[in-house]
Each structure stands twice: as C-alpha cells, then as structure tokens.
Amino acid sequence: HIYDAFVYEGACYIIVERCDNTITSMFRPDFDGAYWIKALSRCVLQALHFIHLRGLAHCDVHMRNVFFKFIADEILPNEHTALTFKLGDFGLARQVGDLSHEGTFLNFIRPPEAIDPIEYGPLDHRADIYQAGLLFLQFLLGREIMFTQEEILNGRPRQLALQLPAPYGAAIEKMLRRHVISRSQSALDCWHDLNVSTKI
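Residues numbered from 1 in each chain as written. Predicted model: local features only at pLDDT ≥ 70, side-chain atom pairs only at ≥ 80, totals over all residues. Heavy atoms only, no water.

What follows is about the packing of helix α4 (residues 126-141) against helix α7 (residues 168-175). Following both chains from N to C, one finds α4 and α7 inclined at 145°, their axes separated by 8 Å at the closest point. Two packed elements cross with a definite hand, and for α4 against α7 that hand is left-handed. When α4 is examined against α7, the residues Ile129, Tyr130, Ala132, Gly133, Phe136, Leu137 and Leu140 are found in contact with a partner set consisting of Tyr168, Ile172 and Met175. The residue makeup of the contact of α4 with α7, split by class, is nine nonpolar, one polar and no charged. (Axes fitted to C-alpha atoms, helices over the stretch in contact; angles between N-to-C directions. Helix = DSSP H or I, 4+ residues; strand = E, 2+ residues; numbered from the N terminus. Left-handed = near helix turned anticlockwise from the far one by under 90°. Contact = heavy atoms within 4.5 Å. Nonpolar A, V, L, I, M, F, W, Y, C, P; charged D, E, K, R; others polar.)

As structure tokens, then:
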C-alpha cells in the first residue's frame, strides 16, 4: 500500500507499508519452499501482470526484492498468522520501450536477451518472466544462487529447473528458456502452467 509520494530536495520519495522481511530470511534448515510456492507465485505473478498491463517492466525481480508480511488469517481474523508476499523496489522499472541492454539489469539476474539480443531475442516484459523463474527456482531449492553470465548463457538455471520434483519443474523450466520466443509469454501464462501442473 502506498501512503504518500513526494519530491524533497530533488529526490522522489514513496512511503509504503512496512513488510516483515525479505523472503531470504525464510531460509532455514527445515525450510520447504514447496509449502509456500503457491502463495509466492500467485502474489508475484499477479504483481507482474498488473505492471505489464501498464506497459512497464520491473527489471529487478529477485530474492531480496520480494517481501513477506503477516496478515490476518481469513478463518481466525484476530490472528496474524497468514502470509502474503509483496514485490517491491521499482527503482529499475522502465517503460518497455525504454529498456536498455546496458545498465538496466543486475548481472546475476540478467536475462539472456539482455546479454545477446541477436541470439536470444528482443528485450521486453518477458525479461521479468525469466527473473521470476529464477526466483521460483531458488525459492524451491531453499537458497540464493548468484548465476554468472556464462551460466545464464549456457542455460544452467533451466537445467536446474528440470531437476525439480514434479509438478514444478516443467512450469519453471518454461520460464527459464533462453530464447524469448520459446519462453512463457506472460505472467498469466506462467500462472496457467503452474495451475495446470499443480492443480492450484
């Protein structure tokens, strides 16, 4: 929720709700990403769908930019034991037509088309799809992985996704395809693939 937005001394400030922490803080020895992947993917893909409909790309979807917040349980409204996930940090967000191969993306989540557009295709909202695939992969593995650009170009994230247990591997693998034309084309496509494969 946005409470206020203003410019002060040449900088733009946006005052938003406070979340409890980033999802990386959930990683503990007994963490089971499969338990939370339904809620996480629903929230992240819904956020991406919303911004893509407005002609924007987030460009910075990763583990430290997705937050969780305890909210009131729908069954026990006085108990704040349910979780919701929020996509934050829109500092790199751009109009799709203004995306650049240079300087827009962090190296460890740079989609293949931002490294080699001639080989992998145009740079557009589907870069967020790739980054969301990286996010879901790491969440299910229960650890952060800093992929090198060489690993990204060699398809290492997709190879790891193929090793995920059913039913997640197929849907996430499709999000992590290097060639844009072969990748999931929208956040709704990703949700459909996860929904069909997991009966969410």
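Following the structure, the description resumes.
Here the focus is the environment of Gly103. Within the secondary structure, Gly103 sits in the loop between β7 (94-95) and α2 (112-115). Residues Gly103 and Ala114, spaced 11 residues apart in sequence, show a C-alpha to C-alpha distance of 9.7 Å.

Right, let's get into the pattern of salt bridges. Between side chains of opposite charge, a pair can form when the charged atoms approach closely. Applying the stated criterion to the full structure yields eight salt bridges. Across the pair Lys86 and Glu17 runs a salt bridge whose closest N-O atoms are separated by 3.1 Å. Here the residue Lys86 occupies a position in strand β6 (residues 82-87), and Glu17 occupies one in the loop between β2 (11-16) and β3 (21-22), the gap between them amounting to 69 residues. Across the salt bridge formed by Arg177 and Glu173, the nearest N and O atoms sit 2.8 Å from each other. Judged by relative accessible area, which is 27%, Arg177 ranks as partly exposed. Within the structure, one salt-bridge network assembled from shared partners comprises Glu17, Lys69 and Lys86. (Salt bridge = Lys/Arg side-chain N within 4 Å of Asp/Glu carboxyl O. Buried < 20%, exposed > 50% of the residue type's maximum accessible area, 1.4 Å probe, protein only.)

In short, geometric facts, not functional conclusions.
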